[in-house]
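Residue strings, one per chain:
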Amino acid sequence: MIDLDDVGALKRNDPQGMRERIAELPWQCRQAWEIVEGQRFPADYAQADSVVILGMGGSAIGGDLVRTLVRDLCPVPIFVNREYDLPRFVGQGTLVIASSYSGNTEETLAAFQEASRRGAKLLALTTDGKLAQMAENLLTFSYLAQPRAALGFSLIMLLSILTELGFVPDPRPDLEEAIEVVEGLGSKVREEVPTSQNPAKQLALLLQGKLPVIYGAQHLAPVARRWKGQFNENGKCFAFFEVLPELHHNTVEAFPYPAELEDTGLILLLTSRLYHPRNTLRFQVTEEMLDQYGIPHWSMEAQGRSPLSQVLSTIHFGDYVSLYLAALRGVNPSSVETITYLKERLAQI
Ligand code: F6R
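Keep in mind that what you see is a predicted model, and the values were worked out from it rather than measured.

Let us now look at the domain arrangement of the protein. Under the domain assignment, the protein is made up of domain 1 (18–170) and domain 2 (192–329). Between domain 1 and domain 2, the C-alpha centre-to-centre distance is 27 Å. With 16 residues of domain 1 at the contact, the number on the domain 2 side is 19 residues. Roughly 1,600 Å² is buried in total at the junction of domain 1 and domain 2, and carbon and sulfur atoms are behind 73% of that figure. It is Ile-22, Leu-69 and Arg-148 in domain 1 that bury the most area against domain 2; as a group they hold 36% of the surface buried on that side. Between domain 1 and domain 2 we count 1 salt bridge in total.

A word on the pairing of strand S6 (residues 211–217). With 6 of its 7 residues buried, S6 lies for the most part within the structure. Pairing of S6 with strand S8 (residues 265–271) involves 5 bridges; the strand directions are parallel. Opposite Pro-212, over in S8, you have Leu-266 as the bridge partner. Examined bridge by bridge, S6 and strand S7 (residues 240–244) share 5 bridges and lie parallel to one another. Directly across from Val-213, in S7, lies its bridge partner Phe-240. Handedness of the β-α-β unit built from S6, helix H10 (residues 221–233) and S7 comes out right-handed.

On to the sheet that holds S7. Strand order in the open sheet formed by 4 strands is S7-S6-S8-S9, and the pairing between neighbours is parallel. What marks the edges here is a single partner per strand, and that holds for S7 and strand S9 (297–301). The mean inter-strand angle of the sheet, taken between neighbouring strand axes irrespective of direction, is 20°. Note that S8 and S9 share 5 bridges and pair parallel. Bridged to Leu-270 within S9 is Met-300. Where H10 meets the sheet, its contacts fall on S6, S7, S8 and S9, and the angle it forms with S6 comes to roughly 160°.

Quick look at the nonpolar core now. Considering soluble globular proteins, one finds that nonpolar side chains tend to be buried as a cluster. Counting residues in each nonpolar core, the largest one holds 96 residues, and the members touching the most others are Trp-227, Phe-231 and Phe-317. Looking at this core, the element that brings in the most residues is helix H13 (residues 307–329), giving 12 residues. Two domains each put at least three residues into this core: domain 1 (18–170) and domain 2 (192–329). Beyond its immediate sequence surroundings of up to four residues, Phe-231 is in contact with Leu-207, Pro-212, Ile-214, Lys-236, Cys-237, Ala-239, Leu-268, Gly-318, Val-321, Ser-322 and Leu-325. Counting residues in each nonpolar core, the second largest holds 15 residues, with Val-52, Leu-86, Ala-98 and Ala-124 among its members.

The full set close to the ligand counts 13 residues, and Ser-59, Ser-100, Ser-102, Thr-105 and Arg-148 are the nearest of them. Ser-100 places a side-chain nitrogen or oxygen 2.6 Å from an oxygen atom of the ligand. Within the side chain of Glu-233, a nitrogen or oxygen atom sits 3.0 Å from an oxygen atom of the ligand. Protein contacts shield 94% of the accessible area of the ligand, which totals 400 Å² for the unbound molecule.

Let's shift gears to the pattern of salt bridges. Should the charged atoms of two oppositely charged side chains come close, the side chains can pair. For the structure shown, the criterion picks out 21 salt bridges. Between Asp-5 and Lys-201 there is a salt bridge, and its shortest N-O distance comes to 3.3 Å. Here the residue Asp-5 occupies a position in the segment before helix H1 (7–12), and Lys-201 occupies one in helix H9 (residues 199–207), the gap between them amounting to 196 residues. Judged by relative accessible area, Asp-5 falls into the partly exposed class, the value being 37%. Taking the relative accessible area as the measure of exposure, Lys-201 reaches 0% and is therefore buried. Overlapping salt bridges, with partners in common, bring together Asp-14, Arg-19, Glu-20, Arg-21, Glu-24 and Glu-191 in one network.

Between helix H3 (residues 25–36) and helix H8 (residues 172–189), whose axes approach to 9 Å, the crossing angle comes to 160°. Between H3 and H8, the angle falls in the class roughly antiparallel. The two elements H3 and H8 cross, and the hand of that crossing is left-handed. Here Leu-25, Pro-26, Cys-29, Arg-30 and Trp-33 of H3 come into contact with H8, specifically with Arg-172, Leu-175, Glu-176, Ile-179, Val-182 and Glu-183. Residue composition of the contact of H3 with H8, by class: 7 nonpolar, no polar and 4 charged.

Each value, and the rule that gives it
- Residues numbered from 1 in each chain as written.
- Predicted model: local features only at pLDDT ≥ 70, side-chain atom pairs only at ≥ 80, totals over all residues.
- Heavy atoms only, no water.
- Domains from an automatic or database assignment.
- Contact = heavy atoms within 4.5 Å.
- Buried area = accessible area lost by both parts, 1.4 Å probe.
- Salt bridge = Lys/Arg side-chain N within 4 Å of Asp/Glu carboxyl O.
- Buried < 20%, exposed > 50% of the residue type's maximum accessible area, 1.4 Å probe, protein only.
- Helix = DSSP H or I, 4+ residues; strand = E, 2+ residues; numbered from the N terminus.
- Pairing = 2+ DSSP bridges.
- Right-handed = clockwise from strand over helix to strand, strands pointing away.
- Axes fitted to C-alpha atoms, helices over the stretch in contact; angles between N-to-C directions.
- Core = buried A, V, L, I, M, F, W, Y, C linked by side-chain atoms within 4.5 Å.
- Near = heavy atom within 4 Å.
- Polar contact = N/O pair within 3.5 Å; in protein donor to acceptor, adjacent residues only side chain to side chain.
- Areas by Shrake-Rupley, 256 points an atom, 1.4 Å probe, with all protein chains shown as cover.
- Parallel < 35°, antiparallel > 145°, perpendicular 65-115°, else oblique.
- Left-handed = near helix turned anticlockwise from the far one by under 90°.
- Nonpolar A, V, L, I, M, F, W, Y, C, P; charged D, E, K, R; others polar.

What follows is the structure, given as structure tokens:
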């Protein structure tokens, strides 16, 4: 097992440099904003009556995050589509944005083609691939990384597109604050900071041999999903997420019977000062109940003034935890052998 304080060993376990990509999140956000700022879009795009974001995995999560972040600001509905096909409402009035790092993800391409057949207003966000060839209106970025490690691009480019089209007010003051908070947090959790002072290393150690279940609400619900995905893809371990208040209407019935979780489970609660007061109360009562039933849990309050800074900083923390999990498990955080196997296997059929 790798000693998390042996920085040389951490680097050897990470030959493609996932740790550097994670540390680059603030830089990615700035770059992403600049790529989109001042871009011209067809005039009728600003009149769209709905927005549908197409994507899978690491390229879809930016859609979930942006949808939740602009929920109180954007006058038209935003829908994230992780399917081959599209819901019936998608038509000429819909702005369809395909987000795919590689530009070759079959579900995203199929839905994009369908959107084109229906005469939707199309936009693509990619580095290359078939999507770049298919799309007339295209925003590209160039960044050598795993798609999941390019989240600063996929999230902030989407936010910037919505701003340029006038769907949301300029979020730059919040973005500047978010970048500052992320930089501050990064300096506390990066690999040079020893375990005794590094809460991300401490959580990774706590998670060893455990099954994490991440609970989030409102703007942190997609962050819980992001943590799950990063624990899966970087740490190569099983993880699940749940959303409050919904879990109070089903999951809690299992709390008094925690046999499966007592030894192996660890519930991670993502809390926020910005939650609806009733949700804050629900998190407090949840912790009381987990104590009462002997279910192991850990909690973290999101840092930052705005939802955007809370989202980005909590994501940054989870990304580092996933990096340390990979080290503890002796797996390469960048590899995607099984995802690639599946993509190739399906492409043959
Ligand atoms: C790999 C990753 C995956 C991909 C997904 C879709 O790092 O995060 O979840 O994002 O397989 O591929 P792209 O992003 O190329 O459309």
